[in-house]
Amino acid sequence: MRIVLSGAAGFIGSHLCDRLLAEGHDIVGLDNFITGSKENIAHLAANPHFRLIEHDVSKTIEVSGKVDAVMHFASPASPNPDSPYGYPQLPIQTLKAGALGTHNLLGVAKASGARFLLASTSEIYGDPLEHPQKETYWGHVDPVGPRSVYDEAKRFAEAMTMAYYRYHNLDTKIIRIFNTYGPRMRLDDGRVVPNFIGQALRGEPLTVYGDGSQTRSFCYVDDLVDGIYRLLFSNEHDPVNIGNPAEISIREFAERISAMFQPPSPITVHIERRGSGDPQRRQPDITRAQTVLGWSPKVPLDEGLARTVRYFQTKIPKQRS
Ligand code: NAD
Ligand code: UDP
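Residues numbered from 1 in each chain as written. Chains lettered and ligands numbered in written order. Predicted model: local features only at pLDDT ≥ 70, side-chain atom pairs only at ≥ 80, totals over all residues. Heavy atoms only, no water.

## Examining the nonpolar core
The cut-off we apply is this: Buried Ala, Val, Leu, Ile, Met, Phe, Trp, Tyr and Cys residues form a nonpolar core when they are joined through side-chain atoms within 4.5 Å. Using a 1.4 Å probe on the protein chains alone, a residue whose accessible area is under 20% of its type maximum counts as buried, one over 50% counts as exposed, and one in between counts as partly exposed. Under the scheme used here, helices are H or I runs from DSSP no shorter than 4 residues and strands are E runs no shorter than 2 residues, and both carry numbers assigned from the N terminus. Working rule for contacts: check all heavy atoms of both residues, and any pair within 4.5 Å makes them a contact.
Of all hydrophobic cores here, the largest spans 60 residues; its most connected members are Met71, Phe73, Ile228, Phe253 and Ile257. Broken down by element, the residue count for this core peaks at seven residues, all from helix 5 (residues 221-232). Ignoring anything within four residues of it in the chain, the contact list for Phe73 reads Leu5, Ser6, Gly7, Ile12, Leu16, Leu117, Ala119, Ile177 and Ile228. Counting 22 residues, the second-largest nonpolar core is a separate cluster that includes Val4, Ala74, Leu106 and Tyr164.

Structure (structure tokens):
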């Protein structure tokens with residue numbers, strides 16, 4: 001297939017490129033590098049099956065030639081207001097990537113009769129009142145809170161995708177991605193995995209926001225990419241959660257990472273939570289992915305973290321092991 005992939009230079013997008021190319025597909029990547037990095041795709045520069053166009057997907061998109069699939073992964077993704085790469089500092093860009101970007105890429109898919117896959121998020125469940133989260137849960141989202149620029153953009157994107165499915169008979173798919181980690185995350189985008197590993201490598205205390213009782217469920221990127229690939233070739237049109245159901249408190253997560261280093265890094269527990277809207281619990285119900293895609297995560301947390309630490313060790317000059 002010839003696949004248009006937005007966000008190709010990002011963390012997930014670049015891993016997706018590797019998998020799609022390994023499966024024999026051609027990729028036209030679109031990225032404006034607002035949070036991604038040329039380094040993530042540098043190894044693909046000489047690959048004749050890969051082309052990267054520097055372009056903001058919230059502006060009109062023209063792709064010449066036939067297109068078989070369009071995959072929309074372009075969006076800032078970190079909620080951390082302290083990082084220039086977090087969506088609180090890129091609010092309009094985030095809204096536009098989710099709203100205008102989705103509309104533009106659906107247009108590209110419609111013009112070619114191509115299938116379309118949207119990267120949505122567990123954030124559409126907000127600070128969930130249902131636990132674990134099934135796809136049937138409508139969510140608990142503050143429409144004007146600090147996370148709203150991301151959450152509402154993704155909710156709009158899902159609605160727009162379903163409109164193209166229902167009214168234009170487009171072959172669409174929606175993946176709701178839960179916290180994913182691995183090599184090629186930005187060290188400075190403020191998400192918990194690069195923050196904790198970066199701090200541990202520098203010998204600094206790990207900064208737990210709040211009392212650390214909030215939970216997340218972390219999925220290694222290779223597992224996620226496998227779920228995305230299966231969904232792309234499925235006949236499922238309703239949203240599908242992809243994530244690792246192994247739930248862990250952020251306090252325990254910090255302890256797990258700290259214990260990977262000698263001597264272990266101290267852990268600082270902040271009294272204040274990181275602004276309002278930090279979800280208290282998050283865990284995917286993956287029954288639908290298991291049933292319709294035959295998918296389950298395979299990589300245990302300790303193994304995925306070890307691979308991720310090895311990557312970040314190459315990014316921090318003075319490091320501990
Ligand atoms: P990332 O920041 O590493 O990648 C996003 C990529 O999109 C970057 O390369 C960025 O430059 C590009 N981009 C952003 N806006 C753009 C625009 N207007 N035009 C062109 N390119 C643009 O983040 P990621 O973690 O790889 O996330 C990728 C996708 O997966 C996002 O849509 C995100 O919402 C979704 N997602 C990720 C997670 C996760 O845990 N990583 C969880 C849920 C959803
Ligand atoms: N977090 C933390 N310390 C950090 C960064 C994040 O305690 O240095 C917490 C954050 O408050 C949240 C969880 O880790 O509860 C996951 O945060 P992240 O930014 O990775 O993404 P989220 O899941 O909130 O979208």
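There's more to say after this.
## Points about helix 8 (residues 301-313)
An α-helical turn contains 3.6 residues, so a residue and the one three or four places further along point in the same direction. Which entries qualify depends on this criterion: Each helix should span, by expectation, one fewer than its residue count multiplied by 1.5 Å. Working definition: the arc comes from the directions between the helix axis and the C-beta atoms, pointing outward to the latter.
Taking 1.5 Å per residue, 13 residues should reach 18 Å; helix 8 reaches 18 Å between its end C-alpha atoms and fits that length. Buried within helix 8 are the following residues: Leu301, Gly304, Leu305, Thr308, Val309, Tyr311 and Phe312. The buried residues of helix 8 all sit within an arc of 160 degrees when viewed along its axis, so they share a single face. Looking at the packing, one finds that the buried side of helix 8 touches strand 7 (180-181), helix 4 (192-202), strand 10 (219-220), strand 12 (247-249) and helix 6 (250-258).

## Here's the deal with the side chain of Arg216
Condition: Contacts described as polar in this section are N or O atom pairs within 3.5 Å, which, within protein, must combine one atom able to donate a hydrogen with one able to accept it, while residues neighboring in sequence count only if both atoms come from side chains.
Within the secondary structure, Arg216 sits in strand 9 (residues 215-217). Here Asp278 takes part through its side chain, which lies 2.6 Å from a polar atom of the side chain of Arg216. A distance of 2.8 Å separates a polar side-chain atom of Arg216 from the backbone oxygen of Pro279. Setting aside residues up to four positions removed in sequence, Arg216 forms contacts with Arg147, Asn179, Ala246, Glu247, Ile248, Ile250, Asp278, Pro279 and Arg282.

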